[in-house]
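Remarks on the overall topology
Next come the chains, spelled out residue by residue.
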Amino acid sequence: MKPQFIDSNSIKQLMAGDETAFTSIYMFYSEKVYRLAYRFLKDQKQSEDIVQETFISLWLSRDRLQPEGDMWLYLYVISKRLSINSLKQICKSTDQLSALIRNAVQVHNTTEENVIAYDLEVFTQKIIDKLPRQQQLVFKLSRDNGLSYKEIAEELNISPNTVKNHMVQALKTLKANLKSADLIFFLAIIFYQ
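Analysis parameters
- Residues numbered from 1 in each chain as written.
- Predicted model: local features only at pLDDT ≥ 70, side-chain atom pairs only at ≥ 80, totals over all residues.
- Heavy atoms only, no water.
- Phe/Tyr/Trp six-rings, centres within 6.5 Å; stacked < 30°, edge-to-face > 60°.
- Helix = DSSP H or I, 4+ residues; strand = E, 2+ residues; numbered from the N terminus.
- Lys NZ or Arg CZ within 6 Å of the ring centre and 35° of its normal.
- Buried < 20%, exposed > 50% of the residue type's maximum accessible area, 1.4 Å probe, protein only.
- Arc of directions from axis to C-beta.
- Contact = heavy atoms within 4.5 Å.
- Axes fitted to C-alpha atoms, helices over the stretch in contact; angles between N-to-C directions.
- Parallel < 35°, antiparallel > 145°, perpendicular 65-115°, else oblique.
- Left-handed = near helix turned anticlockwise from the far one by under 90°.
- Nonpolar A, V, L, I, M, F, W, Y, C, P; charged D, E, K, R; others polar.

Quick look at the packing of aromatic side chains now. Counting across every chain of the model gives seven aromatic pairs. Their ring planes at 65° and their centres at 5.8 Å tell us that tryptophan 72 and tyrosine 76 sit as a pair that is edge-to-face. Here the residue tryptophan 72 and the residue tyrosine 76 both occupy positions in helix H4 (residues 71-92), the gap between them amounting to four residues, near one helical turn. Taken together, the aromatic side chains of Phe22, Tyr26, Phe55 and Trp59 make up a single cluster linked through ring pairs. Positioned over the ring face of tryptophan 72 is lysine 32, at 4.4 Å from the centre of the ring. Here arginine 62 stacks its cationic end above the ring of tryptophan 59, 3.9 Å away from the centre of that ring.

Shown next as structure tokens:
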């Protein structure tokens, strides 16, 4: 079970060599250390290694801690230094540097694409919700339920030509609104990077 907080008493116990206190501190901070390392390295295994090295360093230098000190700040400094040292080593190897760049681009692009796709979906749904009721219904039956114009016409008791007209109008409205949204999404991408 993860402890609620780390106080000066836990730090004093760690300084005295108490392995239970060390385990509590590890449980409390290891995930944060991992996330920090991953921000630098964009690699799961290397980030896990940084977590291990950080806590080994903590254990080995526990006698130099300050009981009233900020444990996260101490771990932050160690893990950041170790991450930067790893980056320096990676930069010496062309293959490792290429892998780092690939991982960074992939992580960045995947996250960015997911955010943009979600925002676009929400934006599109808002446009659909503003369509006249009959257009909404025809559009949803076609796109969400995969019905043909003929099937929609039968279900709604209207002619297939009327179904087609509603779809044409709905698609025109969507296209016009999404065209103007391109500029909005482009600006959002520029300002959120």
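What follows is about helix H1 (residues 8-15). Turning to H1, its buried residues are Ser10, Ile11 and Leu14. An end-on view of H1 places all buried positions within 100° of arc, on one side of the element. Phi for glycine 17, located one or two positions after H1, is positive at around 95°.

Moving on, we get to the environment of glutamine 44. For glutamine 44, the location among the structural elements is in helix H3 (residues 44-60). Sequence separation between glutamine 44 and tyrosine 34 is ten residues; the distance between their C-alpha atoms is 8.6 Å. Ignoring sequence-local partners within four residues, the contact set of glutamine 44 consists of Tyr34 and Tyr38.

We now examine the packing of helix H2 (residues 19-41) against H3. Put simply, H2 and H3 touch, their axes get as near as 8 Å, and they point 140° apart. Classified by the angle their axes make, H2 and H3 are oblique. In this structure, H2 crosses over H3, and the sense of that crossing is right-handed. Taking contact as the criterion, the partners of Glu19, Phe22, Ile25, Tyr26, Tyr29, Ser30, Val33, Tyr34, Ala37, Tyr38 and Leu41 in H2 are, on H3, Gln44, Gln46, Ser47, Glu48, Ile50, Val51, Gln52, Thr54, Phe55, Leu58 and Trp59. Here the residues of the contact of H2 with H3 sort into 14 nonpolar, six polar and two charged.

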